[in-house]
Amino acid sequence: MAQRTFSIIKPDAVRKGYTGAILAEIDKAGFKIAAIRRQSISNEQAQGFYAVHKERPFFQDLCAFMSSGPLVLMVLEKDNAIADLRKLMGATNPANAEEGTIRKKFAGSIQENAIHGSDAEETAAFEIGYWFAGYELI
Ligand code: CMP
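Residues numbered from 1 in each chain as written. Predicted model: local features only at pLDDT ≥ 70, side-chain atom pairs only at ≥ 80, totals over all residues. Heavy atoms only, no water.

Novice: Explanation requested: the pairing of strand β3 (residues 71-78) in the structure shown.
Specialist: The two faces of a sheet get side chains in turn, since along a regular strand they alternate between them. Counting buried positions over the 8 residues of β3 gives 8, a clear majority of the element. Burial of the side chains of β3 extends over both faces: Leu-71, Leu-73, Val-75 and Glu-77 are buried on one face and Val-72, Met-74, Leu-76 and Lys-78 on the other. Here strand β1 (residues 3-9) pairs with β3 via 7 bridges, running antiparallel. From the neighbouring strand, Thr-5 faces β3, where its bridge partner is Leu-76. (Buried < 20%, exposed > 50% of the residue type's maximum accessible area, 1.4 Å probe, protein only. Helix = DSSP H or I, 4+ residues; strand = E, 2+ residues; numbered from the N terminus. Pairing = 2+ DSSP bridges.)

Put into structure tokens, the structure is as follows:
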């Protein structure tokens, strides 16, 4: 059965007009978009989402960045979705991202790195449930 993962097109990429190009990469890689919503989030919502990182030195900056403008929240579906999306995204730091990956093409820095993708099944379940109600998942 197809697996679900959670993804965000981050505010840097939305601001630069890369939303359509990133969605095209996701589509070309064979993902089905099970749910999608463009919105702005509050600093508090960002803090809840990134709670696992709350002791990291970059936490406050990260939450300020994520609440700095509109972003695109998505649930993506395909076989092996979690690992395949992380491969398509490339390394967290775009300086280390492989040629052809979304972060290599569209990310500016380790923080403003264009896209988020869940790193494991439990994280995907938490992240999908944090942003989407069951009835929104088609
Ligand atoms: P993401 O995949 O959304 O998960 C956590 C985010 O924290 C990460 O992408 C980056 O945006 C950010 N991040 C991770 N490491 C660093 C770092 N060393 N400095 C600043 N931001 C970071």
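Novice: Would you take a moment to explain the nonpolar core for this structure?
Specialist: The tendency in soluble globular proteins is for nonpolar side chains to be buried as a group. Phe-6, Ile-8, Met-66, Leu-73, Trp-131 and Phe-132 are the most contacted members of the largest nonpolar core, which has 19 residues in total. Sorting the residues of this core by element identifies β1, β2 (32-39), α3 (43-49), α4 (59-66), β3 and α7 (121-131) as the ones contributing at least two each. Considering every element that reaches this core, the biggest residue donor is α4, with 5 residues. When near neighbours in sequence (up to four residues on either side) are disregarded, Ile-8 contacts Phe-49, Met-66, Leu-71, Val-72, Leu-73, Ala-114, Ile-115 and His-116. (Core = buried A, V, L, I, M, F, W, Y, C linked by side-chain atoms within 4.5 Å. Contact = heavy atoms within 4.5 Å.)

Novice: Is there a simple way to think about the side chain of Thr-101 in this case?
Specialist: Within the fold, Thr-101 resides in the loop between α5 (81-89) and α6 (102-106). The class of Thr-101 is buried, set by a relative accessible area of 7%. When neighbours within four sequence positions are excluded, Thr-101 is seen to be in contact with Lys-87, Leu-88, Met-89 and Gly-90.

Novice: Explain the site of the ligand here, please?
Specialist: Taken together, the neighbourhood of the ligand is formed by Lys-10, Tyr-50, His-53, Phe-58, Leu-62, Arg-103, Ile-110, Gln-111, Asn-113 and His-116. A distance of 2.6 Å is found between an oxygen atom of the ligand and a side-chain nitrogen or oxygen belonging to Tyr-50. Between the ligand and the protein, one listed contact pairs an oxygen atom with a backbone N or O atom of Gln-111 at 2.9 Å. In isolation the ligand offers 450 Å² of accessible surface; the protein chains occlude 79% of this area. Along the lines of polarity and charge, the residues of the shell around the ligand split into 4 nonpolar, 4 polar and 2 charged. (Near = heavy atom within 4 Å. Polar contact = N/O pair within 3.5 Å; in protein donor to acceptor, adjacent residues only side chain to side chain. Areas by Shrake-Rupley, 256 points an atom, 1.4 Å probe, with all protein chains shown as cover. Nonpolar A, V, L, I, M, F, W, Y, C, P; charged D, E, K, R; others polar.)

Novice: What should I look at first to understand unusual backbone geometry in this one?
Specialist: With the exception of glycine, most residues fall at negative phi, and the peptide bonds are largely trans. With a phi close to 60°, Asn-80 is a non-glycine residue in the positive phi region. With respect to the helices and strands, the residue Asn-80 is situated in the loop between β3 and α5. Even without being glycine, Ala-114 reaches a positive phi, approximately 70°. Relative to the assigned elements, Ala-114 resides in the loop between α6 and β4 (115-117).

Novice: What should I look at first to understand the sheet that holds β3 in this one?
Specialist: Sheet strands pair by backbone hydrogen bonding; their relative direction is either parallel or antiparallel. Strand order across the open sheet formed by 4 strands is β2-β3-β1-β4, with antiparallel pairing between neighbours. Looking along the sheet, the strands with just one partner apiece sit at the ends: β2 and β4. Neighbour-to-neighbour, the strand axes of this sheet turn through a mean angle of 15°, independent of strand direction. Of the strands in this sheet, β1, β2, β3 and β4 touch helix α2 (residues 19-28), which is tilted by about 10° from β3. Seen against the sheet, α7 touches β1, β2, β3 and β4 and runs at an angle of roughly 60° to β1. (Axes fitted to C-alpha atoms, helices over the stretch in contact; angles between N-to-C directions.)

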